[in-house]
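A closer look at the structure
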Amino acid sequence: MASGKEQAAMAYWKENVRLLITLLIIWFAVSFGLGILLAPLLNNIVIAGYPLGFWFAQQGAIYAFIVIIFVYVFRMNTLDRKYDVEEQ
Amino acid sequence: MDLALTTYLIVGATFVLYIGIAIWAKAGSTGEFYVAGKGINPIANGMATAADWMSAASFISMAGLIAFLGYDASVYLMGWTGGYVLLALLLAPYLRKFGKFTVPEFIGDRFYSKPARVIAVVALIVASLTYVIGQMKGIGVAFSRFMETSYEVGLFTGMAIVFFYAVIGGMKGITYTQIAQYCVMIFAYTIPAIFISLAITGNPLPQLGLGGTVADGQSLLNTLDNILVDLGFSQYTIMKGTTMNMFFLTMSLMIGTAGLPHVIVRFFTVPRVRDARLSAGWALVFIAILYTTAPAVGAMSFYNLINTVQTGEVGAEEGNLAYENVPGWFSRWEETGLLGYEDKNDDGRIQYYNDDNAEFESTAQSYGWDGNELTVDRDIMVMANPEIAGLPNWVIALTVAGGLAAALSTAAGLLMAISSAISHDMIKGIINPRISEKGELLSARVAMGVAILVAGYLGLNPPGFAAQVVALAFGLAASSLFPVLMLGIFSRRMNSAGAIAGMLSGLSFTLIYVFVFKGWFFIPGTNMLPDTPENWLLGIGPQSIGAVGAIINAVVATLVSRATAPPPKEIQDLVESIRVPRAA
């Protein structure tokens, strides 16, 4: 029984870490990728008055960060229920 | 009603509100004093975190920085918001599950080591105290400028207010006060921003207005790019520094944000682990309202300023504003010394251009210009905004109240982190573990009082290096606390030797790198290399080095822990337990 519980805890942690890595890759891509490294290139595209690289650096990345955290909250709540570890 | 009276009334009303909240939320136990009894609603906590986080620098200085740096100021926008992703995903839920009072306490328990706890306390106090000096200066300056009192009177009033609500209410009082301060702050920031956006682009949403079109049918950003090039500056929307430095500065600010103890501890105050996750999301939403508005405020007020002085075509005889025709707000800000005009070529007109640009020099000479004549303090961009947009006095007064709310809320959060580190980690944790709850509560209040006095003293006699140290506060938090907190959660194998070696190596590397360029302990003249990009390691400036310090910390900690014995079984069990929201 104890080992079953341990296995469940390990599986929960593994899924958690996989989710973290995915979200952190997106976090890196929108800020450092689109906002800094690719910004000069993206600035050639202008949408709604914004050069795109500039937009990512001063607006877009911040909106993406918010979405990342709320996706994380939602997915973790689902994960907590799946492994029956959510708090009462 | 005249401006001074309106300002007194509005600022006075906010102070009454803060004090009333403190009396209502008086802390009765150490749990209430340190972590507000762990009973704060996650949305409310998000709002308090946002106020805690957004300092006088965010409120007053950031838009000005953006105005003068353009695209390059994105490091602050992304750095100071992206850190919340790290905080939400890597620290907040686990530290909440650990469920105690302070950041050094987690480090002490997780690494079963008093020295580790003491190092964490020292890093916390150095980072927080240096940061608080800037807030105290902000309080003094905002007060003296608008209430027409001396800097000292402003500072003492601010200290008295913080003293009252922080000492009585502790974290509980601070939290509810910060919620009120957030509301004051965000109204004060967004109302003028909406009006200025409406006036310039016809769009009431500043976030969209920044991409909008101005009177001549061109887009605002495009127009700014062109005007700046015409005046010998670089384009607004392109990178002026190096990619490498920008990359590392953004990274340092992100990791530093996630490592600042007064922000981390806010996630100890919510009831459950899932509230800690959610609360980080709300904090970022509330922060983003101001942070996505700031680029518009920066660009639009800068556009307004240039348009005011550059009335006609660049280079035309009548192209520049005649000094006798300056608007009222111009003269009012001249009196404060934050806006300066010097008629170098005696033509009675205001020339504003980049006189550092050698290529532009011949053009300037052909226009009969004899150097830049307008000096602008970046900080006036937010404070003068309502006046420039011609808004009524109560909006100007609200801006003052907002600036004070920003400085007071951050000061209170920092002082809270300092006092709990002293009373809980040093006095109860190390010096006298048998202290009673009542005794600890008293010592927490005394520590808070002393911390306010020290901060006030430093506000009155700011060390010459105060401005540089603020950047250092982030570097210190990034290179000392964040990596070991994260490794303590994500590596079961991490042990006390690794954590201590990691913190000391990250911290000393960052300090030494900064001192080499800024002078040993910031003493002028003792720097070993000039602080210019050619001398920087791989082009990474001293402000950006915290990220490298954090990497060194993590690498050293991992290597040392692999070479030494693994942590005891009960510590490995502790790590297992903080990874799961509900105790098995």
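All of these numbers come straight from a predicted model, not from anything done at the bench.

Once that is clear, we can look at the overall build of chain B. A tally of helices and strands in chain B yields 23 helices and 2 strands. Relative to the compact-globule value of 25 Å for 584 residues, chain B shows a C-alpha radius of gyration of 25 Å, a close match. For chain B, the spread of C-alpha atoms along the principal axes amounts to about 80 × 55 × 45 Å. By residue count, 61% of the 584 residues in chain B fall in the buried class. Of the roughly 20200 Å² that chain B leaves accessible, carbon and sulfur atoms contribute 63%. Placing the 31 positive and 39 negative side-chain charges of chain B at their respective mean positions leaves the two points 27 Å apart.

Moving on: the overall build of chain A. Each helix and strand in chain A was counted, giving 3 helices and 2 strands. Traced from its N-terminal end to its C-terminal end, chain A shows the element sequence α-α-β-β-α. Taken over the C-alpha trace, chain A has a radius of gyration of 18 Å; the compact-globule value for 88 residues is 12 Å, which it surpasses by more than 25%. In chain A, which comprises 88 residues, the proportion classed as buried is 48%. Pairs at least 24 residues apart make up 58% of the contacts formed inside chain A by residues separated by at least 6 positions. Accessible area for chain A stands at about 4600 Å²; split by element, carbon and sulfur atoms hold 70% of it. For chain A, the separation between the mean place of its 6 positive charges and that of its 6 negative charges on side chains is 8 Å.

Counting residues at the interface gives 50 residues for chain B and 43 residues for chain A. For the pair chain B and chain A, the summed buried area comes to about 4300 Å², and 72% of that belongs to carbon and sulfur atoms. When the buried area of chain B at its contact with chain A is split by residue, L89, R277 and R582 of chain B rank highest and sum to 17% of it. Counting every contact that joins chain B to chain A gives 2 salt bridges. Close ionic contact of R277 of chain B with D80 of chain A constitutes a salt bridge, the shortest N to O distance being 3.0 Å. Applying the counting criterion to the chain B and chain A interface returns 15 residue pairs in polar contact (both at pLDDT 80 or more). Elements with a contribution of two residues or more to the side of chain B that touches chain A: α5 (74–98), α11 (243–259), α13 (273–309) and α20 (466–490) of chain B.

Time to look at the UniProt feature "domain: Sodium symporter small subunit" (unreviewed entry) in chain A. In the UniProt entry, the feature "domain: Sodium symporter small subunit" (unreviewed entry) is given for residues 11–86 of chain A. As annotated, residues 11–86 of chain A has a helix share of 82% and a strand share of 5%, and its two end C-alpha atoms lie 15 Å apart.

Residues and elements named next belong to chain B. For the structure shown, the criterion picks out 9 salt bridges over all chains. A salt bridge links D109 to K100, with the shortest nitrogen-to-oxygen separation between them at 3.1 Å. Residue classification places K100 among the partly exposed positions, given a relative accessible area of 34%. Note that R272 and D275 form a salt bridge whose closest N and O atoms lie 3.2 Å from each other. In this structure R272 comes out as partly exposed when scored by relative accessible area, which is 25%.

Quick look at the packing of aromatic side chains now. Residues and elements named next belong to chain B. Under the defined criterion, the tally for this structure stands at 36 aromatic pairs over all chains. Ring centres of F98 and F106 lie 4.9 Å apart, and the angle between their planes is 85°; on these two criteria the pair is classed as edge-to-face. Neither residue differs from the other here; F98 and F106 are each classed as buried.

Okay, the packing of α11 of chain B against helix α22 (residues 546–563) of chain B next. All names here are of chain B. Following both chains from N to C, one finds α11 and α22 inclined at 65°, their axes separated by 7 Å at the closest point. Contacts from F248, M251, S252 and I255 in α11 reach G546, A547, V548 and A550 in α22. Split into classes, the residues belonging to the contact of α11 with α22 amount to 6 nonpolar, 2 polar and no charged.

The end-to-end C-alpha separation of α22 of chain B is 26 Å, in line with the 26 Å expected for 18 residues at 1.5 Å each. Along α22 of chain B, the positions that sit buried rather than exposed are G546, A547, V548, G549, A550, N553, A557 and S561 of chain B.

Before going further, it helps to spend a moment on the packing of α5 of chain B against helix α23 (residues 569–578) of chain B. Residues and elements named next belong to chain B. Two elements in contact, α5 and α23, have axes whose closest approach is 8 Å; the angle formed by their N-to-C orientations is 120°. Put simply, α5 runs oblique to α23. Helix-helix and strand crossings are classified by hand; for α5 and α23 the assignment is right-handed. Every residue of α23 that contacts α5 at Y94, K97 and F98 is listed here: L574, S577 and I578. For the contact of α5 with α23, the class distribution of residues is 4 nonpolar, 1 polar and 1 charged.

Residue and element names in this part refer to chain A. Taking the UniProt record as the reference, the feature "transmembrane region" (unreviewed entry) is found at residues 20–42 and 54–74. In the segment residues 20–42, helix accounts for 96% and strand for 0%; the C-alpha atoms at its two ends are 27 Å apart. Annotation note: span residues 54–74, helix share 100%, strand share 0%, distance between end C-alpha atoms 30 Å.

We now examine the nonpolar core. Ranked by internal contacts, the top residues of the largest apolar core, which has 223 residues, are W53, I107, Y291 and F302 of chain B. Sort the elements by how many residues they give to this core and helix α8 (residues 151–201) of chain B lands first, with 22 residues. For Y291 of chain B, the contacting residues outside a window of four places in its chain are I62 of chain A together with W53, M54, S58, M62, Y76, L77, W80 and T81 of chain B.

The next thing to look at is unusual backbone geometry. Phi at D84 of chain A is positive, roughly 55°, even though this residue is not glycine. With respect to the helices and strands, D84 of chain A occurs in the segment after α3 (52–82). Here K38 of chain B, not a glycine, exhibits a phi torsion of approximately 55°, which is positive. Checked against the element boundaries, K38 of chain B lands in the loop between α2 (30–35) and α3 (42–53). When its relative accessible area of 23% is taken as the criterion, K38 of chain B is described as partly exposed.

Rules of the game
- Residues numbered from 1 in each chain as written.
- Chains lettered and ligands numbered in written order.
- Predicted model: local features only at pLDDT ≥ 70, side-chain atom pairs only at ≥ 80, totals over all residues.
- Heavy atoms only, no water.
- Helix = DSSP H or I, 4+ residues; strand = E, 2+ residues; numbered from the N terminus.
- Rg over C-alpha atoms; globule rule 2.2 N^0.38 Å.
- Buried < 20%, exposed > 50% of the residue type's maximum accessible area, 1.4 Å probe, protein only.
- Areas by Shrake-Rupley, 256 points an atom, 1.4 Å probe, with all protein chains shown as cover.
- Lys, Arg positive; Asp, Glu negative; His and termini not counted.
- Charge placed at Lys NZ, Arg CZ, Asp CG, Glu CD.
- Contact = heavy atoms within 4.5 Å.
- Buried area = accessible area lost by both parts, 1.4 Å probe.
- Salt bridge = Lys/Arg side-chain N within 4 Å of Asp/Glu carboxyl O.
- Polar contact = N/O pair within 3.5 Å; in protein donor to acceptor, adjacent residues only side chain to side chain.
- UniProt positions renumbered as here; feature names shortened; annotations may be inferred.
- Phe/Tyr/Trp six-rings, centres within 6.5 Å; stacked < 30°, edge-to-face > 60°.
- Axes fitted to C-alpha atoms, helices over the stretch in contact; angles between N-to-C directions.
- Nonpolar A, V, L, I, M, F, W, Y, C, P; charged D, E, K, R; others polar.
- Expected span 1.5 Å × (residues − 1).
- Parallel < 35°, antiparallel > 145°, perpendicular 65-115°, else oblique.
- Left-handed = near helix turned anticlockwise from the far one by under 90°.
- Core = buried A, V, L, I, M, F, W, Y, C linked by side-chain atoms within 4.5 Å.

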